[in-house]
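Chains, contacts and geometry: an overview
So you can see what is in the structure, the chains are spelled out below.
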Amino acid sequence: MGARANRGYFGRFGGAFAPETLMPALAEAWEAYGRFRADERWQAEYARLLETYCGRATPLYEAVNLGKRLGGRARVFLKREDLNHTGAHKITNALGQALLARFMGKGRLIAETGAGQHGVATATAAALLGMECDIFMGTVDMERQLPNVFRMNLLGARVVPVPSGGKTLKDAVNEAMRDWTRTVRDTHYAFGSALGPHPFPTIVRDFQSVIGRECRAQVKAAAGKLPDEVVACVGGGSNAIGIFSAFIKDAGVKLVGVEAGGRGLRGAEHAARLTPSANSRPGILHGSYSYVLQDKDGQISNTHSVSAGLDYSAVGPEHSHLFESGRAAYTYATDKEAVGAFKALCECEGIIPALESSHAVAYAIKNAGKMKKGSVVVINLSGRGDKDIDSVAKFLGGAAS
Ligand SMILES: *Cc1c(COP(=O)(O)O)cnc(C)c1O
């Protein structure tokens, strides 16, 4: 059991399905990570930066107006990850991995990015710690996310264009892994979510678990009890596993992951891997065994979501396990529902949420009628939505015509 956990399995999911050339680097990262976690000086430095640089602990805010709008049956709290430096939970992982790289004596960080959010977080951490940084990004994504390309450049990172395949996130991960096989000696690959081969799903979860630890103490102080429900959006799954991790042992706390329903589950224009759909089943993508959107021949499906951060064909392996064991429930919100929730939060709370986070808010709106009287619901507000205002304007313009 211990040995199996050490190989990075969550039930039957996870593992490390990587090329031979990468296996030593993965083993080295796992071994070094164990020492990093036990090293008080490095842990104190991480804690100091989380507090003074990132702005942790992030507040737990009771959204009274939203609660009223949902019928007043439940108390609704928002875990304000949007108030982190660089605007989302991602910096917490990027900074942890940059410190881990430094701890291992490595001077170069690489990462994949889709929309550019993880690229910006990694470039930020690299600038802070004086590291060389290369971010792999599909050329289609570069065109779509030009401001983030410019941000990464300002922060001193190189953005490496990936013109192969679909020229998006999946291809960027492939290219970053290829680079890593050549450069492992001086380079650490900072995965952006709780994905990829062991040990990344565990390392990223551990770094993001600070969300759950903070939230557990905050909700007990504010509501006098544990929450009845904890809701988070699920892209790769890092913000969700980060907040879930503190409540997994509390059987009375319902955990809900919300995936991108895109244009609906009937076709392939969504990224719902754990909500039963014709094209999702277990398989291997990017080094890990988990639920993957694929056609009947095993070709990885392209996905669609109005929010770039949820637009990925696979899901972190621990979520597949929580899904099959029944400990967490997974559902979806469509583009339209997410944009509706985005507008609702802007209007009634004065908070512009990320479109990703809006999926979690949409779940609360959709299920308001089912909430028990006097229950406590926590929504993980994974990021702020300034980056999304163009997408929302375009969606509303398109939807109106
Ligand atoms: C990247 C991102 C996500 C999706 O990533 P997870 O690993 O599933 O958390 C969600 N919200 C925001 C704001 C993001 O930037």
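Figured I'd write up the structure that's included with this text. Nothing here was measured: the structure is a model prediction, and the numbers come from that model. (Residues numbered from 1 in each chain as written. Predicted model: local features only at pLDDT ≥ 70, side-chain atom pairs only at ≥ 80, totals over all residues. Heavy atoms only, no water.)

1. Quick look at the pattern of salt bridges
Here is the rule we go by: Salt bridge criterion: a side-chain nitrogen from Lys or Arg within 4 Å of a carboxyl oxygen from Asp or Glu. A run of H or I in DSSP counts as a helix once it spans at least four residues, and a run of E counts as a strand once it spans at least two, with each numbered from the N terminus. Remark: exposure states derive from per-residue accessible area (1.4 Å probe, protein chains only) relative to the maximum for the residue type, with buried under 20%, exposed over 50%, and partly exposed in between.
With the rule as written, the count across this model stands at 26 salt bridges. Residues Lys-79 and Glu-214 are paired through a salt bridge, measuring 2.7 Å at the closest nitrogen-oxygen approach. Of the two residues, Lys-79 sits in strand β4 (residues 74-80) while Glu-214 sits in helix α10 (residues 200-223), which places them 135 residues apart along the sequence. Of the two residues, Lys-79 and Glu-214, neither departs from the other in class, the shared state being buried.

2. A look at the packing of aromatic side chains
The relative placement of two aromatic rings is captured by the distance of their centres and the angle of their planes. Heads up, the rule is: In this scheme Phe, Tyr and Trp rings, the latter by its six-membered ring, pair at centre separations within 6.5 Å, and the angle between planes marks the pair as stacked below 30 degrees, edge-to-face above 60, and tilted otherwise. Whether a charge lies above a ring is judged from NZ of Lys or CZ of Arg, which has to be within 6 Å of the ring centre and within 35 degrees of the ring normal.
With the rule as written, the count across this model stands at 16 aromatic pairs. Between the aromatic rings of Tyr-46 and Phe-207, the centroid separation amounts to 5.3 Å while the plane-to-plane angle is 70 degrees, which identifies the pairing as edge-to-face. Of this pair, Tyr-46 sits in helix α3 (residues 40-54) while Phe-207 sits in helix α10; the two residues are 161 residues apart in sequence, bridging distant segments of the chain. The pair formed by Tyr-46 and Phe-207 is uniform in burial state, with each residue classed as buried. Ring pairing ties together the aromatic residues Trp-30, Tyr-33, Phe-36, Trp-42, Tyr-46, Phe-103 and Phe-207, which thus form one cluster. Over the face of the ring belonging to Tyr-332 we find Lys-366, whose NZ or CZ atom lies 5.1 Å from the ring centre.

3. Focus: the sheet that holds β4
The line we're drawing: At least two bridges found by DSSP between two strands is the condition for calling them paired. Note on geometry: axes are C-alpha line fits, over the in-contact stretch for helices, and angles between N-to-C directions span 0 to 180 degrees. Whether two residues are in contact is decided by their heavy atoms, any of which lying within 4.5 Å being enough.
Strand order in this open sheet of six strands is β3-β4-β14-β9-β10-β13, and the pairing throughout is mixed. Two strands in the sheet have a free side with no partner beyond their single neighbour: β3 (60-62) and β13 (328-334). When strand polarity is set aside, the average angle formed by the axes of neighbouring strands in this sheet is 25 degrees. Where β3 and β4 come together, three bridges link them in antiparallel fashion. Residue pairing for β4: Leu-60 is matched across the bridge by Lys-79. Sheet strands in contact with helix α13 (residues 335-349) are β3, β4, β10 (254-262), β13 and β14 (375-381), and its direction is about 90 degrees off that of β13.

4. Examining the environment of Leu-50
Tracing the backbone through its elements, the reader meets Leu-50 in helix α3. Taking the relative accessible area as the measure of exposure, Leu-50 reaches 7% and is therefore buried. For the pair Leu-50 and Met-131, spaced 81 residues apart in the sequence, the C-alpha separation amounts to 18 Å.

5. Thoughts on the site of the ligand
Note the cut-off: Summary of the distance rule: residues count as near a molecule or strand when at least one heavy atom falls within 4 Å of that molecule or strand. A 3.5 Å cut-off defines polar contacts: any pair of N or O atoms within that distance qualifies, except that in protein one atom must be a possible hydrogen donor and the other a possible acceptor, and neighbouring residues in sequence count only when both atoms are side-chain atoms. Under the scheme applied here, ten amino acids are nonpolar (Ala, Val, Leu, Ile, Met, Phe, Trp, Tyr, Cys and Pro), four are charged (Asp, Glu, Lys and Arg), and all others, including Gly, are polar.
By nearness alone, 16 residues border the ligand, and Lys-90, Ser-193, Gly-235, Ser-238 and Ser-382 come closest of all. One of the side-chain N or O atoms of Lys-90 is found 2.6 Å from an oxygen atom in the ligand. For the ligand, an oxygen atom lies 2.7 Å from a polar atom in the backbone of Gly-237. Per-class residue counts for the shell around the ligand are four nonpolar, 10 polar and two charged.

6. Digging into unusual backbone geometry
Excluding glycine, residues mostly carry a negative phi; peptide bonds, for their part, are mostly trans. Note that the residue after Arg-56, namely Ala-57, is joined by a cis bond; omega there is -5 degrees. In this structure, the amide linkage connecting His-198 to the following residue, Pro-199, adopts the cis form with an omega of 15 degrees. Along the polypeptide, Pro-199 turns up in the loop between β8 (187-189) and α10. Phi is positive for His-286, which is not a glycine, with a value near 50 degrees. By the secondary structure assignment, His-286 is in the loop between β11 (280-285) and β12 (288-293). For His-286, a relative accessible area of 8% translates into the label buried.

7. Quick word on the state of the cysteines
For the record, the criterion: In plain terms, two cysteine sulfur atoms within 2.5 Å form what is called a disulfide here.
Overall, the coordinates contain zero disulfides when judged by the stated rule. Take Cys-54: it sits in no disulfide, and the sulfur closest to it among the cysteines is that of Cys-133, at 16 Å. On the basis of relative accessible area, Cys-54 is assigned to the buried category, the value being 2%. You can see Cys-346 has no disulfide; the closest cysteine sulfur is in Cys-348, sitting 9.4 Å from it.

8. Notes on helix α8 (residues 146-154)
Which entries qualify depends on this criterion: In this context, the arc is that of the directions from the helix axis out to the C-beta atoms.
Among the residues making up α8, those that are buried are Asn-148, Val-149 and Met-152. The arc that holds the buried residues of α8, viewed along the axis, is 105 degrees, so those residues lie on one side. Seen from the buried face of α8, the exposed residues on the opposite side, beyond 90 degrees, are Leu-146, Pro-147, Phe-150 and Leu-154.

9. Examining the pairing of β4
In terms of burial, β4 is a largely internal element, six of the seven residues being buried. Where β4 and β14 come together, seven bridges link them in parallel fashion. Directly across from Val-76, in β14, lies its bridge partner Val-377.

10. Points about the pairing of β11
The pairing of β11 with β12 spans six bridges and is antiparallel. The residue of β12 that forms the bridge with Gly-283 is Ser-290. Between the antiparallel neighbours β11 and β12 lie two residues, among them His-286 with a positive phi of about 50 degrees.

11. With respect to the nonpolar core
In summary, soluble globular proteins display a tendency toward joint burial of nonpolar side chains. Using the following cut-off: As used here, the term nonpolar core means buried Ala, Val, Leu, Ile, Met, Phe, Trp, Tyr and Cys residues forming a set that is joined through side-chain atoms within 4.5 Å.
Phe-36, Leu-100, Leu-109, Met-131 and Met-152 are the most contacted members of the largest nonpolar core, which totals 36 residues. Residue assignment for this core shows that the elements contributing at least two residues are α2 (23-38), α3, α5 (90-103), β5 (108-113), α6 (117-129), β6 (132-138), α8 and α10. The dominant element in this core, judged by the number of residues it contributes, is α5, at eight residues. With near-sequence residues (within four places) excluded, Leu-100 lies in contact with Ala-32, Tyr-33, Phe-36, His-188 and Ile-203.

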